[in-house]
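Reading the structure
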Amino acid sequence: LDLMQILRRSDQLSALEEHRRTHITKDDFLQIKQLGLNSVRLPFGYWIVLGPLHGAPYHGPAMEHIDLALAWAEEVGLQVVLDLHGAPGGESRSAPCD
């Protein structure tokens, strides 16, 4: 079983949602700015924008997290590189590694 199957079968998708809400915070953006950096890379999968394709193991959509990260970056003066890290259909027939 993969993580998403386990979370779904045990009715624990709320754990993933909690992780998405708390893993990255505005304080992280402030620290990045205070370190003298001027940008952040924001990797995300297509399912965050569109929701998962039929049969895909992902959980989404979750654009509110992208929106929040963009707002924090703008607020503290950071640029953002949006990185579509997983495209629909993937790069191979094998399970993704991330």
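In this convention, every chain numbers its residues from 1, walking through the sequence in written order. With the structure being a predicted model, the display of local features is reserved for residues of pLDDT at least 70 and the display and counting of side-chain atom pairs for 80 or more, all residues being used for whole-chain, interface and lining totals. Processing note: side-chain calculations cover all non-hydrogen atoms of the structure and skip hydrogens and water entirely.

A few points about helix 5 (residues 63-76)
- A rise of 1.5 Å per residue sets the reference length of helix 5, with its 14 residues, at 20 Å; its end C-alpha atoms lie 20 Å apart and thus fit the reference within 8%.
- Along helix 5, the residues classified as buried are Ile 66, Ala 69, Trp 72, Ala 73 and Val 76. Each buried residue of helix 5 lies within a common arc of 130 degrees when the element is viewed along its axis, so the set occupies one face. Among the exposed residues of helix 5, those pointing more than 90 degrees away from its buried face are Glu 74 and Glu 75.
- Should any heavy atoms of two residues lie within 4.5 Å, those residues are considered in contact. Under the DSSP-based scheme used, a helix requires at least four consecutive residues in state H or I and a strand at least two consecutive residues in state E, with every element numbered from the N terminus. Buried residues along helix 5 sit in contact with helix 3 (26-34), strand 1 (39-45), helix 4 (46-50) and strand 2 (79-86).
- At the exit of helix 5 stands Gly 77, carrying a positive phi of roughly 85 degrees. Expected helix span is computed as 1.5 Å times (number of residues minus one). Only protein chains enter the calculation, and the probe is 1.4 Å; a residue is then buried if its accessible area is under 20% of its type maximum, exposed if over 50%, and partly exposed in between. By definition, the arc is the one covered by directions from the helix axis to the C-beta atoms.

Remarks on the nonpolar core
- Here, the term nonpolar core denotes a set of buried Ala, Val, Leu, Ile, Met, Phe, Trp, Tyr and Cys residues that are joined through side-chain atoms within 4.5 Å. Of all hydrophobic cores here, the largest spans 16 residues; its most connected members are Phe 29, Tyr 46, Trp 47, Ile 48, Tyr 58, Ile 66 and Leu 78.
- Among the elements of the structure, strand 1, helix 4 and helix 5 are those that each provide at least two residues to this core.
- Considering every element that reaches this core, the biggest residue donor is helix 5, with five residues.
- Apart from residues lying up to four places away in sequence, Tyr 46 is in contact with Gly 51, Pro 52, Leu 53, Ala 56, Tyr 58, Leu 84, Gly 86, Ala 87 and Pro 88.

Nothing here speaks to function; it is all geometry.
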